[in-house]
Amino acid sequence: MAGFYPDEWLEDLRSQSDIVQVISQYVPLKQKNRRFWGCCPFHSEKTPSFSVEPDKQFFYCFGCHKGGNVIQFIMDVEKLSFPEAVELLAERAGMELPQNTSARQNKDREQNKKRLYEALREAALFYHKQLNGPKGEKARAYLERRGISPQQQVRFGLGYAPEGWRTLSDHLTAKGFTLDELSHAGLAVVKNGKHYDFFRDKVMYPIIDPRGRVVAFGGRILEGNGPKYVNTPQTAVYNKSEMLYGLNFHRSFDSAREIYVVEGYMDMISVSSAGFTNVVASLGTALTTGQVRLIRRYADTVYIAYDGDAAGRNATLRGLELVENEGLTVRVLMLPDGLDPDDFIRKHGRAAFAALREKALTLTECKIEAIRQSCDMETENGRTEFAKKASQLIAQASPVEQERYLRLTAKLSGFAYETLLRQIGLDKRTAKQPAEEKPLRPPDTGLEQKAIGLMINDTEARQMFLKTMEVLDFGDEMTRRLFTLMSMSPEIKADALLQAAGEGAGEVVSWLIEDKHVGKDVIRSYMARLRVERINREIDTLLYDYGSANEGGKRSIAAQIQEKNELLRQVQRNGIGL
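Computed from a predicted structure; not experimentally measured.

On the basis of which strands lie adjacent, the open sheet formed by four strands has the order β13-β12-β14-β15 and parallel pairing. Edge strands, defined here as strands with exactly one partner in the open sheet, are β13 (279-281) and β15 (329-332). With strand direction ignored, the average angle separating the axes of adjacent strands in the sheet is 25°. As defined by bridge partners, strand β14 (residues 301-304) adjoins β15 across four bridges and the pair is classed as parallel. Along β15, the bridge assignment pairs Thr301 with Thr329.

This is how it looks when you write it as structure tokens:
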């Protein structure tokens, strides 16, 4: 099983999704001998280095080293999770998804979701048409005041929900949608036998998923009292905490793997329209874990640009912690005078916004700045309070970061660097040294990769390795994982191994580019070299443990080392018997 999908079903999906045909929809390919070649869709290049191997059903780029099977390609090119990529390929191949529930229930659920997507799309078209009709005059005037051109209105699919209580409902029911469907899509409220439109007299911002499907709306009030924005509630196709506004433009993101995150719809539109293509909005709230994991598909570095007021700073801090916890590099753009990104760009322009990036703060710097703003820095007591709170924060950082941020705190507070060192319990004489790490011999990854390549490409080599070798003969995490999979399933195919490799699939493919059929003597040589490497690692570990052992322990370890050395000589002299 891979997730909820049986291996047999996944194999059928891959066989019905010919990798050359699928990739040709994204990349022009030309055949040369047995392979197809094109320019890589994952990095910029002029000379084609992207190859597709139809016999083995995998792709590999010799430039950026991405590779894998057809599912991995869809995950990479569409920025989808594994289940989403499987769903997309299954839809294209006309295959039904397997489920733990009955096929009938699964089919009904997918059909219901399809109807919601259709209703939401029709609603978006309706709202956009209303914006450009006679009823949309005040909405157009509002957008014009906000600097949104007609071209931008089209690009972002903006619209207007008329004032009438049932204008949209009547329009969609006339097209065959039921009131239950409109209610489940978040477009209408149905209660006690009556119904009315969920959005009325509002500027409409469609929220579109990465696959181009309208999933929800944000509505902005034009006049009167009430919340400034009203948003679609959670539905079967929309979860606010796992969606980002603007991700439908991900194909136009540049290759830098950096992304700007703003808070609201207008912020995203303004920043994007100013020429910053890699920008999304967190739908008016602090970032959630689901949103951060979605961002991780598109970026390694995140620049957060929330409002410059106190509430905005608090949201920024919460979002930064989540981003950093997910392993991404995080920076925050400090917007002055309480401005939001939309206001800042309209007031100061694109160049000024770009300049904010050069002064972007780290998470710790942002927290220190928040502490500074909470203290009265004009008084001695205020500066002392700031120095204490900042030092308490910095004490949790690494030694290098401590030095950096203590110097910053010293500059802001006026206290000496040495004084702040003592405040966090350190000085130049008592600073803790990092603990010595256990010196382990690194595995010969090149040797192990060649061995795995032999096992995948050569049936005889696989049989010999599985009969004689053990998982401990491999020291690298990836090769150990693949050997274990082949031990458990000796008939497992190459594309299934690539799927199991996950993010390392490209690396694994690079071992398989050429056919490797060799004689038994070469296979035995590989096995002997692997066993020698393993024994040497074990001896290194024993030697390390010897230094800290007591007298009895030393005698025991010395005996083990002698045994290992004898075994090492035997393998070097005679190889490994089969």
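Where strand β1 (residues 30-32) meets strand β2 (residues 35-38), three bridges bridge the pair, whose relative direction is antiparallel. Bridging from a neighbouring strand, Lys30 pairs with Trp37 of β2. Hairpin remark: β1 followed by β2, antiparallel, with two residues in the connecting loop; positive phi at Asn33, about 60°. In this sheet, strand β3 (residues 50-53) lies alongside β2 in antiparallel orientation, the contact comprising three bridges. Bridge pairing in β3 places Gly38 opposite Phe50.

Glancing now at the nonpolar core. Tyr127, Leu187, Tyr205, Phe217, Tyr245 and Phe353 are the most contacted members of the largest nonpolar core, which totals 61 residues. For this core, the element with the most residues is helix α5 (residues 103-131), which contributes nine residues. When residues no more than four places from it in sequence are discounted, the contact partners of Leu187 are Ala119, Leu120, Ala123, Tyr127, Leu168, Leu172, Leu182, Asp197, Phe198 and Phe217. Phe82, Val86, Leu89 and Leu97 belong to the second largest nonpolar core, which has 32 residues in total.

So, on to helix α19 (residues 445-457). In an α-helix, one turn spans 3.6 residues; hence positions three or four apart end up facing the same way. With 13 residues, α19 should reach 18 Å at 1.5 Å per residue; the first-to-last C-alpha distance of 18 Å fits that figure. Here α19 lies mainly inside the structure; 10 of its 13 residues are buried. Among the residues making up α19, those that are buried are Leu447, Glu448, Gln449, Ala451, Ile452, Gly453, Leu454, Met455, Ile456 and Asn457.

What follows is about the packing of aromatic side chains. Aromatic rings considered in pairs are described by the distance between their centres and by the relative angle of their planes. By the definition in use, this model includes 26 aromatic pairs. Ring geometry for Trp165 against Tyr196: centres 5.6 Å apart, planes inclined by 85°, an arrangement best described as edge-to-face. Of the two residues, Trp165 is situated in the loop between β6 (159-161) and α8 (167-174) and Tyr196 in strand β8 (residues 194-197); the sequence distance between them amounts to 31 residues. Classification of Tyr196 by relative accessible area gives partly exposed; the value is 33%. Look at Phe198 and Phe199: their rings are 4.9 Å apart centre to centre, the planes differ by 80°, and that puts the pair in the edge-to-face class. Judged by relative accessible area, Phe198 falls into the partly exposed class, the value being 25%. One Lys or Arg, Arg155, reaches over the ring of Phe249 and ends 4.4 Å from the middle of that ring. Just above the ring of Tyr526 sits the side chain of Arg529; from NZ or CZ to the centre is 5.7 Å.

You will see that His65, though not glycine, has its phi angle at about 70°, which is positive. Structurally, His65 can be placed in the loop between β4 (58-61) and β5 (67-68). Residue class for His65 comes out partly exposed when judged on its relative accessible area of 45%. With a phi angle near 55°, Lys79 is a residue other than glycine that sits in the positive phi range. Along the chain, Lys79 falls in the loop between α3 (70-78) and α4 (82-93).

Pairing of strand β7 (residues 188-191) with β8 involves four bridges; the strand directions are antiparallel. Bridging across to β8, Val190 finds its partner in His195. Connecting β7 to the antiparallel partner β8 that follows it, the hairpin turn spans two residues, and Asn192 within it adopts a positive phi of roughly 55°.

This part is about the pattern of salt bridges. Pairing between side chains of opposite charge can happen when the charged atoms of each approach one another. One pass over the full model with this rule turns up 34 salt bridges. Measuring nitrogen to oxygen at the nearest pair gives 3.0 Å for the salt bridge that ties Lys138 to Asp201. Note that Lys138 is positioned in helix α6 (residues 137-145) and Asp201 in the loop between β8 and β9 (202-208), a separation of 63 residues in sequence. What makes Lys138 partly exposed here is its relative accessible area of 27%. What you see here is one network of salt bridges that share partners, running through Glu470, Asp473, Arg531, Arg534, Glu538 and Lys564.

Moving on: the packing of α19 against helix α20 (residues 459-468). Between α19 and α20, whose axes approach to 5 Å, the crossing angle comes to 120°. Classified by the interaxial angle, the pair formed by α19 and α20 is oblique. Facing Ala451, Leu454, Met455, Ile456 and Asn457 of α19, the residues of α20 in contact are Thr459, Ala461, Arg462, Phe465 and Leu466. Partitioned by chemical class, the residues of the contact of α19 with α20 number seven nonpolar, two polar and one charged.

Rules used in this analysis
- Residues numbered from 1 in each chain as written.
- Predicted model: local features only at pLDDT ≥ 70, side-chain atom pairs only at ≥ 80, totals over all residues.
- Heavy atoms only, no water.
- Pairing = 2+ DSSP bridges.
- Helix = DSSP H or I, 4+ residues; strand = E, 2+ residues; numbered from the N terminus.
- Axes fitted to C-alpha atoms, helices over the stretch in contact; angles between N-to-C directions.
- Core = buried A, V, L, I, M, F, W, Y, C linked by side-chain atoms within 4.5 Å.
- Buried < 20%, exposed > 50% of the residue type's maximum accessible area, 1.4 Å probe, protein only.
- Contact = heavy atoms within 4.5 Å.
- Expected span 1.5 Å × (residues − 1).
- Phe/Tyr/Trp six-rings, centres within 6.5 Å; stacked < 30°, edge-to-face > 60°.
- Lys NZ or Arg CZ within 6 Å of the ring centre and 35° of its normal.
- Salt bridge = Lys/Arg side-chain N within 4 Å of Asp/Glu carboxyl O.
- Parallel < 35°, antiparallel > 145°, perpendicular 65-115°, else oblique.
- Nonpolar A, V, L, I, M, F, W, Y, C, P; charged D, E, K, R; others polar.

Keep in mind that these numbers describe shape and distance, not what the molecule does.
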